[in-house]
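Okay, here's what each chain looks like letter by letter:
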Amino acid sequence: MSSEQIRRDLQDQLAAHQVRNQGIASSPAHAFSAPARVNLIGEHTDYTGGFVLPLAIGFRTIAVVTPRSDDQAVLYSSNFNETAQYDLRSLALPPRGHWSDYPIGVAWGLQQQGIRLTGFNLSIDGNVPLGSGLSSSASIEVATAMALLDHSRSSLTGEQIALLCQKIENVYVGSPCGIMDQFVITNAIDKHALMLDCRSLSFDHLPLATDARIVICNSMVKHSIADGEYGDRRGEVERGQEILRQRNPAIQLLRDATIADLEAARTEMSEASYRRCKHIITENDRVIQTREALTAGDERRFGQLMFTAHASMRDDFAASCEEIDALVEIARTLPGCLGARITGGGFGGCTVNLVDAAHAEEFALNLKAKYREQYGIDAQTYVCEAVDGALARATQ
Ligand code: GLA
């Protein structure tokens, strides 16, 4: 999506918000947007202090805010064409399993940090595919955080915004995610992937090659990380990590462990914990190698690492599914494909493919056609650009 298109979308949203709030708000509305994300490599490594390499992509959530003269938060979602109202003086309510949990969770999170919020009308619109592993929820959280920070005339750093939004997911919504999604959606810059050290939260922007394209394929098999499998995997990982820590206090997080450490402890942990930890230890190494490949302009190596990472998610982490495995195998046979793997939390969702630029459009068509032949499902494909995160966009 071009900057011009994003500007037009923001204008449209602003205008729609003004029309809906005519006679209610006297101050001008302010619009903020946050992208979606796709992870190139480094899956399930974030919550044990490891490395990830995602980028922000051009799907967006737009949040428009105007002040009210009372203490009400009136939220409107154009995707659901629905309004939800909350009293800002009593937000300690449990989440309802409703779209408004995410934006109102942000208000709750800001209050928890001592930021005083007066009443507001907030309109949210977005085109991030829901439940497909492209982080629609983090996109909503970050866009809302930008809008409410502006509304309360407060500011937070990119790191603080990401941590705030992760806390909302973990504590308010009750979904046990790591920091990757919120961090990249806030801090990405265009034409670059973001390599994040999830322990120190230090990061680098790595330029992406211009002669390869990132092609996302949505399998249309839905997953939700709040559904339990994500938490189950996380539990298996954490039990393995705890055994490694007890054996060697220098291992604080799985990030500190080697395969030799894991092998030495194998008989003390369940087979599931062993395999999940094996995926994470090898995946951290693959992220480092991918960084080297990207820096050296070696896309073939990068692509091979993606295929290996997929096998590890499938066999050791057990977080793939039949349709996704088929998409990766089909991709492998298509001209111009350098690499393919599942992306995001797993159990369905999307694959991410690295494809020679000259073949990208044809690759996307062929992948869809062959998947339809095999499963009768109409997948969606997107040839992506790496775009700015919410912070870079807000300061333009
Ligand atoms: C989801 C979570 C992230 C991360 C990925 C797996 O997207 O939100 O924190 O754990 O799954 O890499």
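Refer to the structure printed above.
Residues numbered from 1 in each chain as written. Predicted model: local features only at pLDDT ≥ 70, side-chain atom pairs only at ≥ 80, totals over all residues. Heavy atoms only, no water.

**Section: the sheet that holds strand 10 (residues 350-356)**
Backbone hydrogen bonds are what pair the strands of a sheet, in a parallel or an antiparallel way. Here is the rule we go by: A pair of strands is considered paired only if DSSP assigns at least 2 bridges between the two. A helix here means a DSSP run of H or I that spans at least four residues, while a strand means a run of E at least two residues long, and both kinds are numbered starting from the N terminus. Throughout, an axis means a line fitted to C-alpha atoms (over the contacting stretch in the case of helices), and angles, computed between N-to-C directions, take values from 0 to 180 degrees. Here, two residues are considered to be in contact whenever any of their heavy atoms come within 4.5 Å of each other.
With respect to topology, four strands assemble into an open sheet ordered 9-10-8-11, the strand pairing being antiparallel. Bordering the open sheet on either side are strand 9 (337-343) and strand 11 (380-384), each of which pairs with just one other strand. For this sheet, the mean inter-axis angle between neighbouring strands, taken without regard to orientation, is 20°. The sheet contact formed by strand 8 (residues 212-218) and strand 10 spans seven bridges and is antiparallel. Counterpart to Arg213 in the pairing with strand 10 is Val355. Along the sheet face, helix 10 (residues 322-333) touches strand 8, strand 9 and strand 10 and points at about 175° away from the line of strand 9.

**Examining the pattern of salt bridges**
The condition is simple: Salt bridges are defined as contacts in which a side-chain nitrogen from Lys or Arg sits within 4 Å of a carboxyl oxygen from Asp or Glu. Between buried and exposed lies partly exposed: a residue is buried under 20% and exposed over 50% of the maximum accessible area for its type, with that area taken using a 1.4 Å probe on protein chains only.
In this structure the tally under the stated criterion is 22 salt bridges. Asp378 serves as the salt-bridge partner of Arg372, at 2.5 Å between the closest nitrogen and oxygen. Look at Arg372 and you get partly exposed, because its relative accessible area is 38%. Through salt bridges with shared partners, one network takes in Arg266, Glu271, Arg275, Lys278 and Asp316.

**Notes on the layout of surface pockets**
The probe, sized like a water molecule, is rolled over the atoms to show the empty space still left. The criterion, for reference: Buriedness of a pocket was judged along seven lines, with at least five required to meet protein on both sides within 12 Å; pockets are open sets of points on a 1 Å grid over the protein atoms alone, cavities are sets where a 1.4 Å probe fits but cannot get out, and lining residues have an atom within 4 Å of a point. Grid points are joined across faces, edges and corners, and a volume is the space filled by probe spheres set on the points. Side-chain classes follow a simple rule in which Ala, Val, Leu, Ile, Met, Phe, Trp, Tyr, Cys and Pro form the nonpolar group, Asp, Glu, Lys and Arg form the charged group, and the remainder, Gly included, forms the polar group. Segmentation of the chain into domains, including their bounds, is taken from an automatic or database domain assignment.
Roughly 930 Å³ of internal volume is contained in the largest pocket. As for the largest pocket, its lining consists of 49 residues, and the residues nearest its centre are Tyr102, Gly131, Ser136, Ser137 and Glu169. At the level of elements, helix 2 (101-112), strand 5 (120-126), helix 3 (136-151), helix 4 (158-173) and helix 5 (180-187) are the ones that each hand at least two residues to the lining of the largest pocket. The element best represented in the lining of the largest pocket is helix 3, accounting for four residues. Here the lining of the largest pocket is built from residues that sort into 20 nonpolar, 22 polar and seven charged. Two domains each put at least three residues into the lining of the largest pocket: domain 1 (3-207) and domain 2 (212-384).

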